[in-house]
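For reference, the chains in residue letters:
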Amino acid sequence: MSRSSIYGLTLDQLTEWLAERGHKKSRALLVWDWLYRKRVTDFSAMHDVNGECIQLLSEHFGILTMEEHLKQQSSDGTIKFLFRLYDGNLIETVLMRHKFGLSVCVTTQVGCNIGCSFCASGLLAKSRDLSAGEIVEQIMKVQLHLDQAGQSEKVSHIVVMGIGEPFDNFTNLINFIEIMKERKGLAIGPRHITVSTSGLVDKIVEFTDLQTQVNLAVSLHAPNNELRTRIMKINRAIPIEKLMNAIKYYIENTKRRITIEYILLKDVNDQKEHAIELADLIRDIAAYANVNLIPYNPVDEHSQYQRSERDTVSAFYDTLKKQGISCGVRLEHGTDIDAACGQLRSKQIKAEISS
Ligand code: SF4
């Protein structure tokens, strides 16, 4: 299957595409309802849609274009899906269960060029961007899985934190968000969607100007340039000062809170002095910032990094709190499966190469 998925079209784009071919707006709405509310996976199941329109759609689009290759289920209900794309590439998508609902973490690129030194996903360079349809399809595949389980559960939250740098695939990301938000479809509220970036400052500004109402998280991971460059090579091109300016632009223009992601690496960036330096760095945006402390999930390929001791994590948290910084420690999901982002995919690829 190499035809693009119809999931890649926003409602406006679908309406326009059909209008150009002589079909009225109400027909686009019908199709949209079949796709996102009734969730059929075959155009021929859209019984009340005009036959000519069905034929036209089938000739130009697919609905599902990827296959479930592997699924790992954790005892806490987390499910990690490995999907095979039409061109053979593998991507990861994760369903997590929280008290507040079901969230899905989506992938935006095949591989990643940012090259964070701790990351299993970044081990494999980007080979291509995912289309908007492929990003939407991850949500739909998970939703279809839930539908089949028959418990009327719905994906309620989305985090764009899987493999890839979402802002390096900007247009497709924005279309994806629009499709997810569409009230006549899945209607996932923008405040239930979070996009995480490694800090592409031009795109942070562009994203701010779009006023999507979607949450933004920025991966900082270090309180100074020397350390951040060691951990994230992108810091060489975009140092912390530029990143902080973009964050301030976001806050000033959206009046929204921002999440600062900070992965704790044992004896690298997890000491008390790092917490104090971090608090100083973000002091003037503290009213709008929440620091998310992430205990590291070790991966074989990055043996230089270990997980911080529990007491060290607590001490880091306490230090930030004492400095007046709002913070929390990320709850872990799927610790009994390949928990680190990209870990399942890289294992699978290695297995395929060596077999
Ligand atoms: S952490 Fe994110 S941005 Fe960094 S290499 Fe991994 S996938 Fe890319």
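The protein goes by Probable dual-specificity RNA methyltransferase RlmN in an unreviewed UniProt entry, where it is assigned to Candidatus Cohnella colombiensis. The protein has a UniProt comment under Sequence similarities (unreviewed entry) that states "Belongs to the radical SAM superfamily. RlmN family." In its Subcellular location (unreviewed entry) section, the UniProt record describing the protein reads: "Cytoplasm".

Moving on, we come to the domain arrangement of the protein. Domain parsing of the protein yields domain 1 (6–60) and domain 2 (67–354). Between the C-alpha centres of domain 1 and domain 2 there is a distance of 33 Å. Residue-level contacts link 9 residues of domain 1 with 16 residues of domain 2. The element contributing the most residues to the side of domain 1 that touches domain 2 is helix α2 (residues 25–36), with 4 residues. The residue makeup of the side of domain 1 that touches domain 2, split by class, is 5 nonpolar, 2 polar and 2 charged.

Within the secondary structure, K99 is located in the loop between β3 (90–98) and β4 (101–105). Separated by 205 residues in sequence, K99 and Q304 have C-alpha atoms that sit 35 Å apart.

This next bit is on the pairing of strand β1 (residues 67–73). In this sheet, strand β2 (residues 79–84) lies alongside β1 in antiparallel orientation, the contact comprising 6 bridges. Directly across from Q72, in β2, lies its bridge partner K80. Hairpin remark: β1 followed by β2, antiparallel, with 5 residues in the connecting loop; positive phi at G77, about 95°.

The next thing to look at is the environment of Q13. Tracing the backbone shows Q13 in helix α1 (residues 11–19). Sequence separation between Q13 and C327 is 314 residues; the distance between their C-alpha atoms is 40 Å.

Our focus in this paragraph is the nonpolar core. Counting residues in each nonpolar core, the largest one holds 94 residues, and the members touching the most others are V104, I139 and M180. Taken together, domain 1 (6–60) and domain 2 (67–354) each give at least three residues to this core, which thus spans both. Ignoring any residue separated from it by four or fewer positions in sequence, one finds M180 in contact with I139, I158, L186, I188 and I193.

Judged by pairing direction, the sheet is mixed, and its 10 strands sit side by side in the order β1-β2-β3-β4-β7-β8-β9-β10-β11-β12 without closing on themselves. The sheet is open, and its two edges are formed by β1 and β12 (327–329), each paired on a single side. Geometrically, the sheet is characterised by an average inter-axis angle of 25° between neighbouring strands, direction not taken into account.

This paragraph deals with the pairing of strand β7 (residues 155–160). Where β4 lies against β7, 4 bridges are found, and the strand directions are parallel. Bridging across to β7, S103 finds its partner in H157. For β7 and strand β8 (residues 193–197), the ladder comprises 3 bridges, and the chain directions are parallel. When the bridges of β8 are listed, V160 appears paired with V195. For the handedness criterion, the β-α-β arrangement of β7, helix α5 (residues 170–181) and β8 is classed as right-handed.

The next thing to look at is helix α9 (residues 240–254). Here α9 spans 21 Å end to end across 15 residues, near enough to the 21 Å set by a 1.5 Å rise per residue. L243, A246, I247 and Y250 are the residues of α9 that are buried. Seen from one end, α9 has its buried residues packed into an arc of 100°, which puts them on one side. In α9, the exposed residues that point more than 90 degrees away from the buried face are E241, E252 and N253. Buried residues along α9 sit against α6 (201–210), β9 (215–219) and β10 (258–264).

Glancing now at unusual backbone geometry. It is generally the case that most residues other than glycine have a negative phi and that most peptide bonds are trans. One non-glycine residue, R39, lies in the positive phi region at around 55°. Turning to its location among the elements, R39 is positioned in the loop between α2 and α3 (51–60). According to the C-beta neighbour criterion, R39 is partly exposed, with 15 such atoms within 10 Å. Here the phi dihedral of D267 falls at roughly 60°; this positive angle occurs in a residue that is not glycine. Along the chain, D267 falls in the loop between β10 and α10 (272–282).

Axis separation between helix α4 (residues 132–149) and α5 bottoms out at 8 Å; the angle between their running directions is 40°. By the angle between their directions, the pair α4 and α5 is classed as oblique. Classified by chirality, the crossing of α5 by α4 is right-handed. In this structure, α4 contributes A132, I135, V136 and I139 to the contact, and α5 contributes N172, N175, F176, I179 and M180. A class-by-class count of the residues in the contact of α4 with α5 yields 7 nonpolar, 2 polar and no charged.

Criteria and thresholds
- Along each chain, residue indices are assigned from 1 in the same order as the chain's sequence is written.
- In keeping with the model being predicted, local features are shown solely for residues with a pLDDT of at least 70 and side-chain atom pairs are shown and tallied solely at 80 or more, while totals for entire chains, interfaces and linings include all residues.
- UniProt positions are given in the numbering used here, feature names are shortened, and annotations may be inferred rather than shown by experiment.
- Source of the domain bounds: an automatic or database domain assignment.
- The contact criterion used is a C-beta to C-beta distance within 7 Å, with each C-beta placed from the backbone.
- The helix and strand labels rest on DSSP assignments: H or I over at least four residues marks a helix, E over at least two residues marks a strand, and numbering proceeds from the N terminus.
- Note on residue classes: Ala, Val, Leu, Ile, Met, Phe, Trp, Tyr, Cys and Pro are nonpolar, Asp, Glu, Lys and Arg are charged, and everything else, Gly too, is polar.
- Whether two strands pair depends on DSSP finding at least two bridges between them.
- Working definition: the nonpolar core is a set of buried Ala, Val, Leu, Ile, Met, Phe, Trp, Tyr and Cys residues, joined through C-beta atoms within 7 Å.
- Counting other C-beta atoms within 10 Å of its own, a residue is labelled buried from 20 upward, exposed at 12 or fewer, and partly exposed in the gap between, with every C-beta atom placed from the backbone.
- Lines are fitted to the C-alpha atoms to define the axes, a helix being fitted only along its stretch in contact, and any angle between axes, read from their N-to-C directions, falls within 0 to 180 degrees.
- Handedness of a crossover: with both strands directed away from the viewer, a clockwise path from the first strand across the helix to the second marks it as right-handed.
- To estimate the expected span of a helix, count its residues, drop one, and scale the result by 1.5 Å.
- By construction, the arc corresponds to the directions joining the helix axis to the C-beta atoms.
- Comment on the angle field: the value is read as roughly parallel under 35 degrees, roughly antiparallel over 145, roughly perpendicular from 65 to 115, and oblique elsewhere.
- Definitions for this section: a left-handed crossing has its near helix turned counterclockwise from the far helix by less than a right angle. A right-handed crossing has that turn clockwise.

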